[in-house]
Structure formats: C-alpha cells, structure tokens
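Observations on the model geometry
What follows is each chain in one-letter form.
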Amino acid sequence: MTRPAYPPAPTTRIDLHTHSTASDGTLTPAELVRAAGAAGLDVVALTDHDTTDGWAPALAALPAGLTLVRGAEISCRWYGADPPIPLHLLAYLFDPTEPALAAELARVRAVREVRAERIVALLNADGIDVSWAEVLAGAAGGTVGRPHIAAALIRAGLVATTTEAFGPQWLGQRYRLPKADIDVFHAVRLVRAAGGVPVFAHPRASRRGRIVPDSLIVELVGAGLVGLEADHEDHSPAERAHVRALAADLGLVVTGSSDFHGTHKTVQLGAYTTTPEAYERIVAAASGVTPVASA
C-alpha cells in the first residue's frame, strides 16, 4: 500500500542521487531501497542512467518509512565547446510515458550499448580477453555502460579497482569512445515538458574532466533548469561553495547526494544530503509523478 508523500519533517535525511542494477549500480532496485531504509534515509531518489526500468521494482520493495523519488540521470552534452563537453542532468518526478522524452532516452540507451560493444571489440583486438557476453550478463538487463566493462576487467584480474579501470590506460582514454548524448538544452526542455524537475549533476567536478562555464548555467536557467547539485563527493569544498553561491545568485535549488553505486564506489548512502526545504521546492515544481511513501 502506498500513498503520496507529504513534505518531510525538519529532521528528514534526503539522498537524491543513487543508482541500481537498472544502470550501473551493484544493488538491485529492491536491494537499494532496502539499503536506503537501513541507512536511516527518509527520502531516496532512484536516478539510474537514462532509464526508468528500476522504478517499479523499487516501489514494490519500498520499506516502511521510506519515500521514493522516481528519477533518472540523463546523459547530456554541451555543444558550445570544441570538443563538446559531456555532462549529466538529474531529472526528478517526470512522466515516463511522455513520448518525446521516452524516445530520446531509448535512443541514448541503444547508442550506449553499441558503444560498449565497440569498446569490448577494441580490447579484444589488443588481445585482452573480455567477452561481450560476459559484459551483457553483468549488466543483468540494465543500461550497459563502461562500469560493466570495468567489472569484467576486474574479474579478469587485469585491474584491481573500478578507479584503475577508468584510468587513461584503460577506459578513461585508450579504450574510450564518444557517446551520442542529448543536447543539454533539449534535455532540460524535454524534462520540463514531461512535468519533471531538472537539476545539474556535479557541475563543478573538475576531477572528472572539463567543466562548463557559469555562463552556460545561466542560459540553462532560461531553458528551465531548476537546481544545482552542490554537495557531492567529486566536489572539493571550494567547488561546493562556488555552486552554492551561483545557485543563490540565480535562485536555484541546491541539492546534495551520495551518487551511490554500491561497490563500484566507496561512497555510502546518505554521505551527502539535501535539505527538506530544497526537497519541497523540487516536489512543488513537478507535475509528472509524485514521490511515494510506504505506509
């Protein structure tokens, strides 16, 4: 039995960025929501890459006292730089049946799988024994990505950790291929048209690579951007402060979250959280689907 979620109490612990096996996490959606409840969270967002496949099993397993925010992390690109800069957009509470957004997400998932198969072929061409069948099996029907290839490299004893697998000698550079992501302005508009709330994920995470200028974020606000993720493990204290100041200047919601991937990362659920006030603004801005709390 589920019911619409009410605004959280001031002591609510809210984590708005997590991943399951529906994309590149290591916990199933059911395991993820149970782990979120065990970790003392009151609200958790399931934001798998470019898919909503985890929503139904997460809802079915929702433990008492936990509210689920349904969302996705959308693979985007800003084409105002040469070469274009990849970035991620967290989309909350959108209608998954809205045709235009659903079609774009399906296209990105298909391209992601083709890219992963090509990366495996490159590895094989260099004599590296990683099978495409094994990578697909590791994805377990979820959106296929580089973390699944990294897991295969670890199982083969070629690297020790996911971080090493994403280094320049492996998937970070030598065996990295571009993706056909969604133009970020188009993505923001699609999410808003589907009744969702777009928030820029880890916008100043320079340790991940190139970052976009603040001027782009100003432009994205005009397209419908609602918030910025400030508190994240890949942001330094100075980067968090920069994001908060920019959000204040632009009147944007500020979020914090773990970006939990299970054993693919060391960060734990609830390591960074969002304030109840920010959560309430996100819920109020949505018209696609509602948060759901277990009875």
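Let me sum up the structure you'll find in this document. (Residues numbered from 1 in each chain as written. Predicted model: local features only at pLDDT ≥ 70, side-chain atom pairs only at ≥ 80, totals over all residues. Heavy atoms only, no water.)

As a further point, take the environment of Arg77. Relative to the helices and strands, Arg77 resides in strand β4 (residues 67–78). A sequence separation of 102 residues divides Arg77 from Lys179, and the C-alpha atoms of the two residues are 9.2 Å apart. Those residues in contact with Arg77, other than ones at most four positions away along the chain, are Pro84, Ile85, Pro86, Lys179, Asp181, Ile182, Asp183 and Val184. (Helix = DSSP H or I, 4+ residues; strand = E, 2+ residues; numbered from the N terminus. Contact = heavy atoms within 4.5 Å.)

Contact pair helix α7 (residues 184–193) / helix α8 (residues 214–223): the axes reach a minimum separation of 9 Å and the direction vectors enclose 30°. In this structure, the crossing between α7 and α8 has a hand that is right-handed. Counted together, Val184, Phe185, Val188 and Arg189 of α7 and Leu216, Glu219, Leu220 and Ala223 of α8 form the full contact between these two elements. (Axes fitted to C-alpha atoms, helices over the stretch in contact; angles between N-to-C directions. Left-handed = near helix turned anticlockwise from the far one by under 90°.)

The next thing to look at is the pairing of β4. Burial of β4 is extensive: 12 of the 12 residues sit out of reach of the surface. On β4, burial covers both faces: Thr67, Val69, Gly71, Glu73, Ser75 and Arg77 on one face and Leu68, Arg70, Ala72, Ile74, Cys76 and Trp78 on the other are all buried. Two elements, strand β3 (residues 43–46) and β4, share 4 bridges in a ladder whose sense is parallel. Within β4, the residue paired with Leu46 across the bridge is Arg70. Bridging between β4 and strand β10 (residues 292–294) involves 2 bridges; their strand directions are antiparallel. (Buried < 20%, exposed > 50% of the residue type's maximum accessible area, 1.4 Å probe, protein only. Pairing = 2+ DSSP bridges.)

Another point: the nonpolar core. Generally speaking, nonpolar side chains in soluble globular proteins are found buried as a group. Membership of the largest hydrophobic core comes to 67 residues, with the highest contact counts inside it found for Leu16, Ile74, Tyr92 and Leu228. Each residue touching Ile74, except ones within four places of it in the same chain, is listed here: Asp50, Leu87, His88, Leu89, Ala91, Leu101, Leu105, Ile182, Ala187 and Val191. One finds Leu123, Ile128, Trp132 and Trp170 within the second-largest nonpolar core, a separate group that totals 20 residues. (Core = buried A, V, L, I, M, F, W, Y, C linked by side-chain atoms within 4.5 Å.)

Here we take up the packing of aromatic side chains. Any aromatic ring pair is given by two values, namely how distant the centres are and how the planes are angled relative to each other. Per the counting criterion, the structure on display carries 2 aromatic pairs. When the ring of Trp55 is compared with that of Phe94, the centres are 5.3 Å apart and the planes differ by 55°; the resulting orientation is tilted. Here Trp55, found in helix α2 (residues 55–60), pairs with Phe94, found in the loop between β5 (85–92) and α3 (99–125); they are 39 residues apart in sequence, far enough to count as distant. With a centroid separation of 6.2 Å and an interplanar angle of 35°, the aromatic rings of Trp170 and Tyr175 are classed as tilted. Both residues of the pair, Trp170 and Tyr175, belong to the buried class. (Phe/Tyr/Trp six-rings, centres within 6.5 Å; stacked < 30°, edge-to-face > 60°.)

Okay, the environment of Ala247 next. Within the secondary structure, Ala247 is located in helix α9 (residues 237–250). With 30 residues separating them along the chain, Ala247 and Ile217 place their C-alpha atoms 9.5 Å apart. What Ala247 contacts, discounting residues up to four positions off in sequence, is Leu228, Leu252 and Val254.

Where burial is concerned, the two faces of strand β9 (residues 253–256) agree: the one with Val253 and Thr255 and the one with Val254 and Gly256 are both buried. Where strand β8 (residues 227–231) and β9 come together, 4 bridges link them in parallel fashion. Pairing of Glu229 across the sheet is with Thr255, part of β9. In this fold, the crossover linking β8 to β9 by way of α9 has right-handed handedness. (Right-handed = clockwise from strand over helix to strand, strands pointing away.)

What follows concerns the side chain of Ser23. Within the secondary structure layout, Ser23 lies in the loop between β2 (14–18) and α1 (29–38). By relative accessible area, which is 1% here, Ser23 ends up buried. Side chain to side chain, Ser23 and Asp24 meet in a polar contact 3.1 Å long. At a separation of 3.2 Å, a polar atom in the side chain of Ser23 contacts the main-chain amide nitrogen of His49. When near neighbours in sequence (up to four residues on either side) are disregarded, Ser23 contacts Asp48, His49, Thr143 and His148. (Polar contact = N/O pair within 3.5 Å; in protein donor to acceptor, adjacent residues only side chain to side chain.)

Looking at the largest pocket, its volume works out to about 1,400 Å³. Together, 47 residues line the largest pocket, and His88, Arg146, Phe166, Arg176 and Arg208 are the ones closest to its centre. Listed by contribution, the elements that provide at least two residues to the lining of the largest pocket are β4, β5, α3, α5 (146–155) and α6 (162–165). Top contributing element to the lining of the largest pocket by residue count: β5, with 4 residues. For the lining of the largest pocket, a count of residues per class yields 16 nonpolar, 16 polar and 15 charged. (1 Å grid on protein atoms, 1.4 Å probe; cavity = no way out; pocket = protein on both sides within 12 Å on 5 of 7 lines; lining within 4 Å. Points joined across faces, edges and corners; volume = space filled by probe spheres on them. Nonpolar A, V, L, I, M, F, W, Y, C, P; charged D, E, K, R; others polar.)

Next up on the list: the pattern of salt bridges. Scanning the model with the defined rule gives 12 salt bridges in all. Between Arg107 and Glu104 there is a salt bridge; the shortest N-O distance is 2.9 Å. Of this pair, Arg107 and Glu104 both sit in helix α3, 3 residues apart, roughly one helical turn. On the basis of relative accessibility, which here comes to 30%, the residue Arg107 falls in the partly exposed class. Linking Asp181 and Lys179 is a salt bridge whose minimum nitrogen-to-oxygen distance equals 3.6 Å. Neither residue differs from the other here; Asp181 and Lys179 are each classed as buried. (Salt bridge = Lys/Arg side-chain N within 4 Å of Asp/Glu carboxyl O.)

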